[in-house]
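# Close look at the chain arrangement
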Amino acid sequence: MASVPLSSPSQSGLLVLPFPLLQPAVGACLRYRLPRLPPGLSSVRKGGLLPLPLLVPPRAVEGNDGRAVTKEEVEDEEEEVEVTKEGEEDTQERGGTGATKEEAARGSERFAADYIPLGIREPVYEAIEVRSNGRMSTKKISRRQLLKSSGLRLRDTRSVDPSLWLMNSMPSLLVREQAILLNLGSLRAIAMYERVLIFNYNSPGGKAFLGLLLPRLNPRNINGGPAMPFQLEVVEAALISRIQRLEQRLMKIEPHVATLLEVLPNRLTADVLEQLRLSKQALVELGSRAGDLKQMLIDLLDDPHEIRRICIMGRNCTLDRLSDNMECSVPLEKQIAEEEEEEIEMLLENYLQRCESCHGQAERLLDSAREMEDSIAVNLRFEY
């Protein structure tokens with residue numbers, strides 16, 4: 001308990017206490033102004049003692065150089081920081097100096113450099129490149145290189161990305177300014193003016209496509225007739241390979257289902273019923289794939305704009321946004337493009353008929369199998 005003599009009982013006194021705890025600041029003192037005494041303490045004599053509470057010294061604030069600083073010095077430093085920030089904001093509003101621009105550029109470069117190693121690797125595709133002269137080579141290409149060489153956008157490549165085959169099971173034929181993206185079954189390809197990139201070339205769809213495309217590019221197989229543009233050869237080979245695979249699968253399932261339908265009324269065994277179930281499952285899958293391809297062809301035929309975009313690819317032609325008419329710098333190119341438009345429509349209609357035939361036959365076989373199952377269920381219900 002500390003005691004301090006007071007000079008006057010009615011006035012507040014000024015107390016100066018030395019604190020040895022503040023060792024960095026030798027001789028530092030703490031000023032403590034006593035409060036005014038209440039009227040009840042007026043009986044204290046002059047020179048009397050007044051008990052004071054024990055004061056806890058404040059913790060000293062250390063500066064950058066390790067010495068203790070006072071409250072006034074801390075406030076001065078905070079004011080200097082605020083003034084510096086205001087000066088920087090004024091400089092930015094006025095356009096900044098050359099040094100500020102250089103610092104901003106270095107900061108942006110550091111941000112760009114830090115953005116690369118975030119653990120997100122750029123995908124690299126392994127594909128077969130087939131040129132218009134029939135030359136074939138295997139190459140690895142990154143996504144950035146693919147977008148730069150084909151003029152595509154990132155969202156366009158999702159339909160042909162092999163890593164997204166579960167999400168992109170629906171067949172599609174997307175026409176862009178410099179490329180055509182093909183997604184037909186296990187075939188993923190990008191057709192350009194003089195080359196085509198084939199992903200998943202070891203898949204059944206990729207092998208079937210290559211088996212049809214390479215002979216069509218051989219000059220010996222043209223027979224002296226006019227050759228179609230390369231991108232049209234690619235599109236036709238892709239459609240033929242896909243429809244042929246569906247037709248071959250139907251030809252394999254159809255006789256097996258016909259045999260089961262003849263045997264089942266008189267031979268109800270677990271083996272025969274299991275074969276019927278598997279045949280139904282195969283027909284459902286075949287009908288679904290043929291139906292999706294048929295719908296894709298219908299949508300393409302109903303959109304003449306997409307067909308015209310195929311025709312003007314690789315030519316000095318454009319499409320008018322209002323009338324959708326072809327405008328070419330050379331009149332001969334416009335005539336050739338219009339003739340190709342008619343040929344493409346005829347080809348698509350031909351493949352649509354084949355696809356419709358395959359889809360219809362698969363649906364008829366599936367209906368027959370379902371009727372047989374219903375008949376077996378009714379007979380078993382009456383027997384038991």
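Preceding this section is the structure that the text describes.
Remember, predicted model here, so these are calculated numbers, not experimental data.

Conventions we followed
Residues numbered from 1 in each chain as written. Predicted model: local features only at pLDDT ≥ 70, side-chain atom pairs only at ≥ 80, totals over all residues. Heavy atoms only, no water. Disulfide = S-S within 2.5 Å. Helix = DSSP H or I, 4+ residues; strand = E, 2+ residues; numbered from the N terminus. Salt bridge = Lys/Arg side-chain N within 4 Å of Asp/Glu carboxyl O. Buried < 20%, exposed > 50% of the residue type's maximum accessible area, 1.4 Å probe, protein only.

## A short note on the state of the cysteines
With the rule as written, the count across this model stands at one disulfide. One disulfide in the model links Cys317 with Cys328; its S-S distance is 2.0 Å. Linking Cys317 and Cys328, the disulfide has an S-S dihedral of approximately 110° and is accordingly described as right-handed. Within this pair, whereas Cys317 is found in strand S13 (residues 317-319), its partner Cys328 is found in strand S14 (residues 326-328), the two being separated by 11 residues in sequence.

## Considerations on unusual backbone geometry
For Asn200, which is not glycine, the phi torsion reads 50° and is therefore positive. Looking at where Asn200 falls in the secondary structure, it is placed in the loop between strand S12 (195-199) and helix H4 (204-217).

## Thoughts on the pattern of salt bridges
Applying the stated rule across the entire model yields 16 salt bridges. Across the pair Glu233 and Arg216 runs a salt bridge whose closest N-O atoms are separated by 2.9 Å. One end of the pair, Glu233, is in helix H5 (residues 230-263); the other, Arg216, is in helix H4, with 17 residues separating them in the sequence. A relative accessible area of 28% means that Arg216 is categorised as partly exposed. Where Arg308 meets Glu341, a salt bridge forms, and the shortest distance between an N and an O atom there is 3.0 Å.

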